[in-house]
Amino acid sequence: MARRIDVTGAGGLRLAAWEFADPPKPGAEPPGAESGAPGVLLLHGLMGRASHWASTARWLAGRHRAVALDQRGHGRSEKPPEAAYTREAYVEDAEAAVEQLGLAPVVLVGHAMGALTAWQLAAKRPELVRGLVVCDMRASALGAASQREWADWFRSWPVPFASLADVRKWFGEDDPWVERPSPARGDFYAEVMHECEDGWRPVFEPQHMLSSRETWVYDAHWEELAQVRCPTLVVRGVDGELGRAEAQEMVRVLPRGEYAEVPDAGHLAHYDLPGAWRGAVSPFLDGLLGD
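Residues numbered from 1 in each chain as written. Predicted model: local features only at pLDDT ≥ 70, side-chain atom pairs only at ≥ 80, totals over all residues. Heavy atoms only, no water.

Participant: Can you break down the overall build of the chain residue by residue, with the values?
Facilitator: Summing up its helical and strand segments, the chain has 11 helices and 10 strands in all. Reported as C-alpha extents along the three principal axes, the dimensions of the chain are approximately 50 × 45 × 35 Å. Sequence-distant contacts, at least 24 apart, represent 72% of the contacts inside the chain between residues at least 6 apart. When the accessible surface of the chain is totalled, it reaches about 12400 Å², and 49% of it is carbon and sulfur. Charged side chains in the chain number 30 positive and 42 negative. The centres of these two groups are separated by 3 Å. (Helix = DSSP H or I, 4+ residues; strand = E, 2+ residues; numbered from the N terminus. Contact = heavy atoms within 4.5 Å. Areas by Shrake-Rupley, 256 points an atom, 1.4 Å probe, with all protein chains shown as cover. Lys, Arg positive; Asp, Glu negative; His and termini not counted. Charge placed at Lys NZ, Arg CZ, Asp CG, Glu CD.)

Following this line, the structure appears as structure tokens:
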């Protein structure tokens, strides 16, 4: 059961935050409060949604107050005009969620774009952030060619899909970007589709996703990473988008960086192999609880 909590983000945008655990009883403190455990804010990647964190959030709920945020333009959050998808807006949205939900000092857990948002917030507001988990996000600039590839990829989608089974098959098997069949990838994209009169379409606008991505792909983000003062775990799937050399350089640049790998996992490590993902991040989170 997921409980929705509305958050007011940058520019007054209505954002949907979700707790994937039983709500506290009236007058009771949230999970983890009695031990001083921090809250956790989970930030999905581009095209993702809060429900992609459901397994992680339920696992964390015994010791933390774990909340997942549908970021602007994603999931059940409002979808503003194209010009509103700036890095500053994404960071201010996460900042608002931490403050309005009373999660500070928070552990930020981010995947891909959400990881970038997390470390930019940690650099901007160090007093709000107790720890940080960065999952499969590069600090290097990706460049114009990468952005063109993504635009071409969006145009290749055979939308509308006739059924969710077709969604799963295309993203799990037929998508040219799939190197080998991946049922988990198919399930991941099925979660971001909704039924329309003519079939199944994404809940987001692809052009909004390209606009969001355009605000980070041309720049490197090493300087902001170096400004993160809290303990930070850099996690990569062995077959993901973040290479080992770059991940280890990110750890070196971070003042308090640590490194972990999820064997046999790709870019969607937290979703594809939740047990192995938990094994990779547990020691780090246990260390934060022991502070």
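Participant: Describe the sheet that holds strand S2 (residues 14-19), naming the residues involved and giving the relevant values.
Facilitator: Hydrogen bonds along the backbone pair up the strands of a sheet, which may run parallel or antiparallel. On the basis of which strands lie adjacent, the open sheet formed by 8 strands has the order S1-S2-S4-S3-S5-S6-S9-S10 and mixed pairing. Two strands close off the open sheet at either side, each with one partner strand: strand S1 (3-8) and strand S10 (257-262). This sheet shows a mean twist of 25° between the axes of neighbouring strands, independent of strand direction. Relative to S2, S1 runs antiparallel, the two being bridged by 6 bridges. Residue pairing for S2: Thr8 is matched across the bridge by Arg14. This element, helix H3 (residues 113-124), spans strand S3 (40-43), strand S5 (106-111) and strand S6 (129-135) of the sheet and lies at about 145° to S5. (Pairing = 2+ DSSP bridges. Axes fitted to C-alpha atoms, helices over the stretch in contact; angles between N-to-C directions.)

Participant: Tell me about the environment of Ser156, and please be specific about residues and values.
Facilitator: Structurally, Ser156 is set in helix H4 (residues 144-156). Ser156 sits 100 residues away from Thr56 along the chain, and the two C-alpha atoms are 32 Å apart.

Participant: How would you explain the packing of helix H5 (residues 164-174) against helix H6 (residues 183-190) if you had to name every residue and give the values?
Facilitator: At a closest axis distance of 7 Å, the pairing of H5 and H6 adopts a crossing angle of 130°. As far as their axial angle goes, H6 and H5 are oblique. For H5 against H6, the interelement crossing comes out right-handed. Contact with H5, carried on its side by Leu164, Val167, Arg168, Phe171 and Gly172, involves Arg185, Gly186, Asp187, Tyr189 and Ala190 of H6 and no other residues of that element. Its residues assigned to classes, the contact of H5 with H6 comprises 5 nonpolar, 2 polar and 3 charged. (Parallel < 35°, antiparallel > 145°, perpendicular 65-115°, else oblique. Left-handed = near helix turned anticlockwise from the far one by under 90°. Nonpolar A, V, L, I, M, F, W, Y, C, P; charged D, E, K, R; others polar.)

Participant: Please set out the packing of aromatic side chains residue by residue, giving values where relevant.
Facilitator: For the coordinates displayed, the defined rule picks out 19 aromatic pairs. Geometrically, the ring pair formed by Trp150 and Trp177 is edge-to-face, given 5.6 Å between the ring centres and 75° between the ring planes. Of the two residues, Trp150 is situated in helix H4 and Trp177 in the loop between H5 and H6; the sequence distance between them amounts to 27 residues. Pairing Trp157 with Phe171 gives two aromatic rings, centres 4.9 Å apart and planes at 85°, and the pair type is edge-to-face. With Trp157 in the loop between H4 and H5 and Phe171 in helix H5, this residue pair connects regions lying 14 residues apart in the sequence. Phe171 matches Trp157 in its accessibility class, with the two residues each being buried. Grouping aromatic residues by their ring pairs yields a cluster made of Trp150, Trp153, Phe154, Trp157, Phe161, Trp170, Phe171, Trp177, Phe188, Tyr189, Phe204 and Tyr271. (Phe/Tyr/Trp six-rings, centres within 6.5 Å; stacked < 30°, edge-to-face > 60°. Buried < 20%, exposed > 50% of the residue type's maximum accessible area, 1.4 Å probe, protein only.)

Participant: Explain the pattern of salt bridges to me, and be specific about the residues and the numbers.
Facilitator: The full count for this structure, using the stated rule, is 20 salt bridges. Where Asp187 meets Arg168, a salt bridge forms, and the shortest distance between an N and an O atom there is 3.0 Å. Taken together, the residues span a long stretch of sequence, with Asp187 in helix H6 and Arg168 in helix H5 at a distance of 19 residues. A cluster of three or more residues bridged by salt bridges with shared partners is formed by Glu95, Glu99, Lys124, Arg125 and Glu127. (Salt bridge = Lys/Arg side-chain N within 4 Å of Asp/Glu carboxyl O.)

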